[in-house]
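Observations on the three-dimensional arrangement
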Amino acid sequence: MERRSILALPFAALVGSTALRASPGFTVSSAPPVPAGAPPAVDGPAALPIAAVQAGGDRDGRKRQIGVSATTYKVVTSDTKGDLFVIEQANQRRGGPPLHVHHGEDELFYVLDGEYLVQVGDKRFPLKTGDCILGPRGVPHAWAFVGSTVGRLLLSYAPAGKMEAFFNAWEQLGFSPGGYSKEKDAALLRSYGMDRVGPPIQL
């Protein structure tokens, strides 16, 4: 199956619009005004929901505690028809999830605040505010909050796969460090297209 990147879409649109403006005889004109009371224009067969998520807010207006993190959803699976799922995890306790591998999703780690240690494959990368790294599908990875104050980590999954359903299940089961066995953890990951392949990063 051909892999698509969500990042390629805006780039393609930019290149296309630039090429049109550069074409001889092509002029750009503003769209005609929309009559009062007319329904909004729809691009494609169905309009996707658009909503701003405020700082510290959740796309669904919920508060979630998942593992060691207070978690907020920023982009849910239905927003992009399955192409992208984005969450923010806020951390006050050091630590993170076990070493695991995604079989269907690439994962981007972007540090919004604080200090994290991210392992991708057999290498570990210390990341600070503004740093990011990609965890490609098929490559084992893990992360841990290592700061002394508060950390915020943005995680993006492309495509979304079953990641939203996984985090929902994890929250409902109430899993937390020391509150579940390796076997239960491994079974949960496996049921959502991942495999546990090692322990959490030891701090």
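Sequence order as written defines the numbering, with residues in each chain counted from 1. Residues qualify for local features only when their pLDDT is at least 70, as the model is predicted, and side-chain atom pairs are given and counted only at 80 or more; totals for whole chains, interfaces and linings, by contrast, use all residues. Side-chain numbers come from the whole structure's heavy atoms, not from hydrogens or water.

**A word on the sheet that holds strand 10 (residues 151–158)**
The line we're drawing: Pairing between strands is defined by DSSP: at least two bridges between them are needed. The way it works is that DSSP assigns letters per residue, a run of H or I at least four long becomes a helix, a run of E at least two long becomes a strand, and they are numbered from the N terminus. Orientation is described by axes fitted as lines to C-alpha atoms, over the contacting stretch for helices, and by angles from 0 to 180 degrees between their N-to-C directions.
Read across the open sheet, the six strands follow the order 1-2-3-10-5-8; overall the sheet is antiparallel. Edge positions in the sheet fall to strand 1 (64–66) and strand 8 (132–135), since each of these pairs with one other strand and no more. Shown here is a sheet whose adjacent strand axes are inclined to one another by a mean of 30 degrees, direction ignored. Pairing of strand 3 (residues 85–91) with strand 10 involves seven bridges; the strand directions are antiparallel.

**Regarding the side chain of threonine 72**
Stated precisely, the cut-off is as follows: Only protein chains enter the area calculation, which uses a 1.4 Å probe; residues under 20% of their type maximum are buried, those over 50% are exposed, and those in between are partly exposed. In the analysis that follows, any N or O atom pair within 3.5 Å is treated as a polar contact, provided that within protein one partner can donate a hydrogen and the other can accept it, and provided that, for residues neighboring in sequence, both atoms belong to side chains. Throughout, a residue-residue contact means that at least one pair of heavy atoms, one from each residue, lies within 4.5 Å.
Tracing the chain through its elements places threonine 72 in strand 2 (residues 69–75). By relative accessible area, which is 13% here, threonine 72 ends up buried. Side chain to side chain, threonine 72 and lysine 74 meet in a polar contact 3.4 Å long. For threonine 72, the residues in contact, after removing those within four places along its chain, are Gly56, Gly57, Asp58, Ile87 and Glu88.

**Description of the confidence of the model for the protein chain**
Formally: Residue-level confidence of the predictor, termed pLDDT, takes values from 0 up to 100.
For the protein chain, per-residue confidence averages 81 on the pLDDT scale, and 72% of positions sit at 70 or higher. Taken together, the stretch residues 6–35 has pLDDT below 50 and engages in six contacts with residues farther than four places along the chain or on a different chain.

**Overview of helix 3 (residues 182–191)**
Where we set the bar: Here the arc refers to the directions that run from the helix axis out to each C-beta atom.
Listing the buried residues of helix 3 in full gives Asp185, Ala186, Leu188 and Leu189. Angularly, the buried residues of helix 3 cover 160 degrees about the axis, an arc narrow enough to put them on a single face. Along helix 3, the residues that are exposed and aim more than 90 degrees away from the buried face are Glu183 and Lys184. Glycine 193, located one to two residues past helix 3, shows a positive phi value of around 85 degrees.

**Some remarks on the environment of asparagine 168**
Take asparagine 168: it is sitting in helix 2 (residues 163–173). Separated by 104 residues in sequence, asparagine 168 and arginine 64 have C-alpha atoms that sit 9.1 Å apart. Those residues in contact with asparagine 168 that sit more than four places away from it in its chain are Arg64 and Tyr73.

**Structural notes on the environment of isoleucine 50**
In this fold, isoleucine 50 is placed in the loop between helix 1 (8–22) and strand 1. Among the residues examined, isoleucine 50 registers a relative accessible area of 80% and is labelled exposed. For the pair isoleucine 50 and valine 75, spaced 25 residues apart in the sequence, the C-alpha separation amounts to 9.8 Å.

**Observations concerning unusual backbone geometry**
Across residues other than glycine, the phi torsion is negative in most instances, and most of the peptide bonds are trans. In the segment running from alanine 158 into proline 159, the intervening peptide bond is cis, with an omega of -10 degrees. Positive phi values are uncommon outside glycine, yet lysine 81 reaches one of about 55 degrees. On the secondary structure map, lysine 81 appears in the loop between strand 2 and strand 3. Relative accessible area serves as the criterion here: at 56%, lysine 81 is assigned to the exposed category.

**Considering a nonpolar patch on the surface**
The test is simple: Candidate patch residues must exceed 30% relative accessible area and have no salt bridge, after which like charges are joined if within 9 Å and Val, Leu, Ile, Met, Phe, Trp or Tyr side chains if within 5 Å. The accessible surface values rely on the Shrake-Rupley method and a 1.4 Å probe; as for residues, cover is taken only from the protein chains in view. Whenever Lys or Arg places a side-chain nitrogen within 4 Å of a carboxyl oxygen from Asp or Glu, that contact is recorded as a salt bridge.
Taken together, Leu108, Tyr110 and Leu134 make up a surface patch of nonpolar side chains, about 230 Å² in accessible area. The topology assignment puts tyrosine 110 in strand 5 (residues 106–113). For tyrosine 110, a relative accessible area of 32% puts it in the partly exposed group.

**Things to note about the nonpolar core**
The line we're drawing: Throughout this description, the term nonpolar core refers to a set of buried Ala, Val, Leu, Ile, Met, Phe, Trp, Tyr and Cys residues connected via side-chain atoms within 4.5 Å.
Core analysis: the biggest nonpolar cluster contains 27 residues, and Phe85, Trp143, Phe166 and Phe167 have the highest contact counts within it. Listing elements by their share of this core, those giving two or more residues are strand 3, strand 5, strand 6 (115–120), strand 9 (141–145), strand 10, helix 2 and helix 3. Not counting residues within four places of it along the chain, the set of residues in contact with phenylalanine 167 comprises Ile66, Tyr73, Phe85, Ile87, Gln89 and Tyr157. If you look at the next biggest cluster of nonpolar residues, it comprises five residues, including Leu117, Ala142, Ala144 and Ile201.

**Overview of the packing of aromatic side chains**
What counts, and what does not: Each Phe, Tyr or Trp ring, with Trp reduced to its six-membered ring, pairs with another whose centre is within 6.5 Å; inter-plane angles below 30 degrees give stacked pairs, above 60 give edge-to-face pairs, and intermediate values give tilted ones. Working rule: Lys NZ or Arg CZ, within 6 Å of ring centre, within 35 degrees of ring normal, means a charge sits over the ring.
Within the structure shown, the criterion is met by ten aromatic pairs. Following the ring pairs from residue to residue traces out a cluster consisting of Tyr73, Phe85, Tyr157, Phe166, Phe167, Trp170 and Tyr192. For arginine 64, the ring lying beneath its charged end belongs to tyrosine 73, and the centroid distance is 3.5 Å.

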